[in-house]
Amino acid sequence: MLYPLNAMPSWNKSTPFCYWPGVNCNNDKRVIGLQLDSFQLAGPISPSLGNLSFLRVLDFSQNKLNGEIPMALGRLSFLKTLDLSDNSLSGTIPLSLANLSSLTTLNLGLNSLHGGIPIAVGNLSSLTSFNLSRNTIFGEIPSFIGNLVSLTVLDLSFNNFEGSVVPSSFGRLSKLTWLRLLYCNISGVFHPSIWNISSLVYIMIGGNELNGTIPTNVGDIVPNLEKLFLYENQFHGSLPASLSNTSLSDIELNTNYFNGAIPPELEALKNVKRFSVPDNLLEAQEPRDWVFFNAMTNSSVLLLFDVSDNKLKGELPPSIANLSVSVKHVIFNGNEIWGKIPPGIGNLIHLMDFYLSNNKISGPIPSTLGKLQYLGVLHLYNNKLTGEVPLTFGNITRLIQLELGKNVLNGTIPSTLGKLRYLESLDLSKNELTGNIPKEIVNMPSLSLYLNLSHNYLTGTIPNEVGNLQNLVEFHAEDNELSGEIPSNFGNCQLLQRLFLQGNSFRGIIPSSFSTLMAIQEMDLSSNNLSGNIPTFFEDFSSLDYLNLSFNNFVGEVPKTGIFANSSAVEFQGNTKLCGGIEVLNLPPCSSRPNKKNHLTLILSIAISVVVIAIICSVLILRFKSRNASLENLEIGFPNKHRVILLRAIQCNQ
């Protein structure tokens, strides 16, 4: 074992070992404790520790130890606490640990141990705390754990028990206060007998495939229950009204099949910190079904409220503005909630996430949202919101995501949004916005996920500042009334994967700078007034899966390789002057010989030229005759160069 510089230099003969940092001795100067947690220890654990026969506490947690747990530790018959958690230990759990009959705490969590739980663990009858979380333990959860009747803490989370069920013998753990089986790959019915353990304070079994119901009298049996984590399982049935008799502070039931109304009795809960029931089948049909929300407004410690993706109907509770100022996350997404956002929402000064998308919320967006200095996510997508985008949004300087799409917003895009220097995604699509795209909007290097301005009535050009979106992945401006040329500065957006500009009035050619967009996967430039040849550099885009150039004025030969070799990945219809391409496109062949129409045009051009020359010759002859000039005089009077020109003109006329 390697020793840290900040502790082990004092482990020397000049200092009695009982005074060394982390060492505890009894009156007989026998070492009874090694508490070296967070001492930056590295390397394997020495088997010589097994010689410390009076050792009662061995705590090497939160170090950098590796290798296997020595079998020699099984000789420490007086050991009460063995904590080797948060290291990099490997191998299996030694069978010799069965000899530690005095052991009360066994914590091997946060390592890389593998194999099953050895039957020897069932002999540790004094064990009160058993933690194997965050290893790679596999096999079944052994029923003999139910024999450890002194257990108060059991944590087997984040292992792989391969679809094992929770043994019914767990119901015998009558002193258990903490049951933690998160993400264990366990399944089957969560045995009803476990709900009868009246001492339970924490039930944390989320992230599995467990099923069953919550007993109707659970609040009467488990009155001290504080945390109930059943999320990401297959539980069903209604939520018991008796939950109001518990001490619940954290309720996380998301992604199950719970149904019915949320009991109004839950308003009796006074200290709710987290109420999370999204992605269930919960209903609200009448005002009484929203009474439970009073528990949220009555709690001075509320942090999270999430009822998203259920079947809740009714008016958005105006009392949302009365939630505790401590609340950080309020989520109503994916229901059928109507009403208006109360201006008092601006009083929730610590709010970080506010989700109301996919509901029927109407009325204007309160400008008071601009007071929420900590707001990072604001999702109001797909509602019936009206009015303008508040100018005060520019004050929400920590905003990361702003989604206002699919509403009935009007007016112009406020340039103040350009102040949001941390903004990663902006969606203003499917509204009735007008005016130009402010240059400030496309001058935010922080935009990285997407910028969606599509399906509005925006006019003018795309500002050249668009080239500053060098981290952007997706750009939408389709179905507007934009015009002008496509900015060549798009070529600076070399992380761009999706570009949609269809349904506008862009003109000119595809910028040559597009050749640098090597990350592009989808591009739609259809239904514009673009012209010129289709650039051959598209052939070199290995990531390009879809290219739509239809209904423009492109001319010339269609390339044949790269994406152009896949007819289902490209669209060209509505460009009548294209030719060539792969055979399946059925475009006319390209020819270097002029066609009949071009031939007639050439003949006409020659004829006109001859007539013009003849007229010029006639004018020159008349001019010289009027001066009674003979050819002889001309030969004498004109320099050779001019004489030759005149003679040729006369000959041309003849």
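Residues numbered from 1 in each chain as written. Predicted model: local features only at pLDDT ≥ 70, side-chain atom pairs only at ≥ 80, totals over all residues. Heavy atoms only, no water.

Trainee: An account of the overall build of the protein is requested, with residue identities and associated values reported.
Mentor: The secondary structure content of the protein amounts to 5 helices and 46 strands. Looking at the protein as a whole, 50% of its 654 residues are labelled buried. Summarising the internal contacts of the protein: among those between residues at least 6 apart in sequence, 51% fall at separations of at least 24. Just so you have it, the protein exposes about 29700 Å², and 52% of that area is on carbon and sulfur atoms. (Helix = DSSP H or I, 4+ residues; strand = E, 2+ residues; numbered from the N terminus. Buried < 20%, exposed > 50% of the residue type's maximum accessible area, 1.4 Å probe, protein only. Contact = heavy atoms within 4.5 Å. Areas by Shrake-Rupley, 256 points an atom, 1.4 Å probe, with all protein chains shown as cover.)

Trainee: Outline unusual backbone geometry, listing residues and values.
Mentor: Not every positive phi belongs to a glycine, and Ser38 is a case in point at roughly 60 degrees. For Ser38, the position within the fold is in the loop between strand E2 (31–35) and strand E3 (42–44). With relative accessibility at 42%, the residue Ser38 sits in the partly exposed group. You will see that Phe158, though not glycine, has its phi angle at about 55 degrees, which is positive.

Trainee: With reference to specific residues and values, describe the packing of aromatic side chains.
Mentor: Taken as a whole and judged by the stated rule, the model has 24 aromatic pairs. With centroids separated by 6.2 Å and ring planes inclined at 50 degrees, the aromatic side chains of Tyr183 and Tyr231 adopt a geometry described as tilted. Of this pair, Tyr183 sits in the loop between strand E13 (178–180) and strand E14 (187–189) while Tyr231 is found in the loop between strand E17 (227–229) and strand E18 (234–237), placing the two residues 48 residues apart along the sequence. Between Phe292 and Phe305, the ring centres sit 6.4 Å apart and the planes meet at 25 degrees, which makes this aromatic pair stacked. In this pair, Phe292 is assigned in the loop between strand E22 (281–284) and helix H2 (293–298) and Phe305 in strand E23 (residues 304–306), connecting sequence segments 13 residues apart. Since its relative accessible area comes to 1%, Phe292 is described here as buried. (Phe/Tyr/Trp six-rings, centres within 6.5 Å; stacked < 30°, edge-to-face > 60°.)

Trainee: So what's going on with the pairing of E18? Residues and values would help.
Mentor: Here E18 shows a clear split, with Phe235 and Gly237 buried on one side and none of Gln234 and His236 buried on the other. With 2 bridges connecting them, strand E16 (residues 209–212) and E18 associate as parallel partners. In the strand pairing of E18, Asn211 is matched with Gln234. Pairing of E18 with strand E20 (residues 257–261) involves 2 bridges; the strand directions are parallel. By the bridge assignment for E20, His236 is matched with Tyr257. (Pairing = 2+ DSSP bridges.)

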